[in-house]
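Coordinate analysis (summary)
One-letter residues, chain by chain:
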Amino acid sequence: MSHAPAAQSVRTVAVPAHRRRARRKAEWRRRGVTLAFMSPWLVGFTVFFGYPLVMSAYLSLNHYDLLSSPRWVGLANYRYLFSSDQLVWPAVRNTLWIIAIMVPLQVVSAFGIAMLVARARQGVGFFRTVFYLPALAPPVAATLAFVYILNPANGPVNVLLSKVGIEGPLWFQDPGWSKPSLVLLAMWGVGNTMIIFLAAVLDVPRHLYESAQLDGASALQRMRWVTLPTMSPVILFSVVIGVIAGLQYFTQAFVAANVASGQASQAGDQTVNNLGYPQGSTLFYPVLLYQQGFRYFNMGYASALAMLLLVVAFTLTLLIIVNSRRWVHYQGEAR
């Protein structure tokens, strides 16, 4: 009697061979359907990210000038990068400067504008459109417009300043003002981040404000203990995206340097150097990478610069996300 349940369970668990084969076929069929739906993403990831990444890593270990076949040099490109290239560390300092100044200003400005628009009683759609429209301008066109507006000779800004007795700076012609001028350009196009913050502000539960107000919290306290914690995931997203964009900061700096150097050349300055004009103040890391790859055709060395940029971007992003656990609060998260 004691062996009957065991024998019965064995008979129950046993599955005929044809059923097992049918189940395996059905499972493989489901996997095939899943892969078929994922195939556009897999192809795109392989062609536009995986293959370029592998080739960049390979070329970084070679001497390659686009005209001849790659020649293996091992870690020579990296040794030159860290020990011999005199332009790398100025480019790194300029890039860190633009990240440290531009990203916090963008986040704070976008947050402030979003709070003002959210509190507007009338014309919310109008103000939202006005603040967002500059973000739609192509970066090259926006940079050209700013170089014209901030032209030290006949730009509208310096002309207006001169009418009130103020001598305007040289802006993009001055190494002390070139990076602040780029920051002004970034503040003008802060609409993308503002829209994200506006959506987050409007998504804050009203009952939290009402409860805090009943407890006697002031407007500043409600912002500190209700608005900021609720919006902290959006702030984290904006900081991460801003840091990554700062590490890849290229178009505005490259266009502004070339146009400003052209203006200086027309004005009779014979000492103009397009590499980070003026005086290397706009030589950011991606600009150096571009110059090495597409001006001097040092594709192997440019690939080494790109791989270092990838590692730094991944490391900084990871550090920000790990440290965000201290100040980012998610709705429904147990603490």
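Residues numbered from 1 in each chain as written. Predicted model: local features only at pLDDT ≥ 70, side-chain atom pairs only at ≥ 80, totals over all residues. Heavy atoms only, no water.

**Remarks on the overall build of the protein chain**
The secondary structure content of the protein chain amounts to 14 helices and two strands. In terms of C-alpha radius of gyration, the protein chain reaches 28 Å, well past the compact-globule figure of 20 Å for 335 residues. For the protein chain, the spread of C-alpha atoms along the three principal axes comes to 110 × 75 × 35 Å. Across the 335 residues that make up the protein chain, the buried fraction comes to 33%. Carbon and sulfur atoms provide 66% of the accessible area of the protein chain, an area that totals close to 20800 Å². (Helix = DSSP H or I, 4+ residues; strand = E, 2+ residues; numbered from the N terminus. Rg over C-alpha atoms; globule rule 2.2 N^0.38 Å. Buried < 20%, exposed > 50% of the residue type's maximum accessible area, 1.4 Å probe, protein only. Areas by Shrake-Rupley, 256 points an atom, 1.4 Å probe, with all protein chains shown as cover.)

**Regarding the packing of aromatic side chains**
Enumeration over the complete set of coordinates arrives at 12 aromatic pairs. Centroid distance Tyr-249 to Phe-284: 5.3 Å. Interplanar angle 80 degrees. Geometry classified as edge-to-face. Highlighted residues: Tyr-249 in the loop between α11 (219-247) and α12 (251-266) and Phe-284 in the loop between α12 and α13 (285-295), separated in sequence by 35 residues. For the pair Tyr-249 and Phe-284, a shared accessibility class is recorded, and that class is buried. Between Phe-254 and Tyr-290, the aromatic rings sit 5.0 Å apart at their centres with planes inclined by 70 degrees, giving edge-to-face as the arrangement. (Phe/Tyr/Trp six-rings, centres within 6.5 Å; stacked < 30°, edge-to-face > 60°.)

**Brief notes about a nonpolar patch on the surface**
The grouping of Leu-35, Met-38, Trp-41, Leu-42, Phe-45, Phe-49, Leu-53 and Leu-310 at the surface amounts to a nonpolar patch, some 730 Å² of accessible area in total. A per-element tally of the nonpolar patch places helix α2 (residues 17-59) first, with seven residues. Assignment of secondary structure puts Leu-53 in helix α2. (Patch = residues over 30% accessible without salt bridge, like charges linked within 9 Å, V, L, I, M, F, W, Y side chains within 5 Å. Salt bridge = Lys/Arg side-chain N within 4 Å of Asp/Glu carboxyl O.)

**Re unusual backbone geometry**
Residues Tyr-277 and Pro-278 are joined by a peptide bond in cis, for which omega reads 0 degrees. Along the chain, Pro-278 falls in the loop between α12 and α13. Positive phi, normally seen in glycine, also occurs at Gln-279, with a value near 55 degrees. Examined against the element boundaries, Gln-279 turns out to sit in the loop between α12 and α13. The phi torsion at Phe-297 lies on the positive side, around 60 degrees, for a residue other than glycine. Tracing the sequence through the fold places Phe-297 in the loop between α13 and α14 (299-323).

**Remarks on helix α8 (residues 178-188)**
The buried count for α8 comes to eight of 11 residues, which makes it a mostly enclosed element. The complete set of buried residues in α8 reads Ser-178, Lys-179, Ser-181, Leu-182, Val-183, Leu-185, Ala-186 and Met-187.

**Side note on the environment of Leu-144**
If you trace the backbone, Leu-144 turns up in helix α6 (residues 139-149). Beyond its immediate stretch of four places on either side in the chain, Leu-144 contacts Val-255 and Val-259. (Contact = heavy atoms within 4.5 Å.)

**So, α11**
Taking 1.5 Å as the rise per residue, α11 with 29 residues should run 42 Å; its terminal C-alpha atoms sit only 36 Å apart, a clear shortfall. Taking the largest bend as the criterion, α11 deviates by roughly 55 degrees, centred on Ser-232, and proline Pro-233 comes between one and four positions later. (Expected span 1.5 Å × (residues − 1). Bend = angle between axes of the 7 residues up to and from the residue.)

**Some remarks on the side chain of Ser-181**
Examined against the element boundaries, Ser-181 turns out to sit in helix α8. Engagement of the side chain of Ser-181 in a polar contact is seen with the backbone oxygen of Trp-177, the distance being 2.6 Å. The residues contacting Ser-181, other than those within four sequence positions of it, are Leu-150, Trp-171 and Phe-172. (Polar contact = N/O pair within 3.5 Å; in protein donor to acceptor, adjacent residues only side chain to side chain.)

**Details of a positive patch on the surface**
Taken together, the side chains of Arg-20, Arg-21, Arg-24, Lys-25, Arg-29 and Arg-30 make up a positively charged region of the molecular surface. Structurally, the position occupied by Lys-25 is in helix α2. (Lys, Arg positive; Asp, Glu negative; His and termini not counted. Charge placed at Lys NZ, Arg CZ, Asp CG, Glu CD.)

**What about the nonpolar core?**
Membership of the largest hydrophobic core comes to 60 residues, with the highest contact counts inside it found for Phe-197 and Leu-305. Here this core gets 13 residues from one element, more than from any other, and that element is helix α4 (residues 88-119). Among all residues touching Leu-305, those that are not within four sequence positions of it are Leu-81, Val-88, Tyr-285, Leu-288, Leu-289 and Gln-292. (Core = buried A, V, L, I, M, F, W, Y, C linked by side-chain atoms within 4.5 Å.)

**Side note on the pattern of salt bridges**
What the rule picks out here adds up to one salt bridge. As a salt-bridge pair, Glu-27 and Arg-31 come within 2.7 Å of each other at their nearest N and O atoms. Of this pair, Glu-27 and Arg-31 both sit in helix α2, four residues apart, which is roughly one turn of that helix. Note on Glu-27: relative accessible area 35%, which makes it partly exposed.

These values are about where atoms sit, not about what they do.
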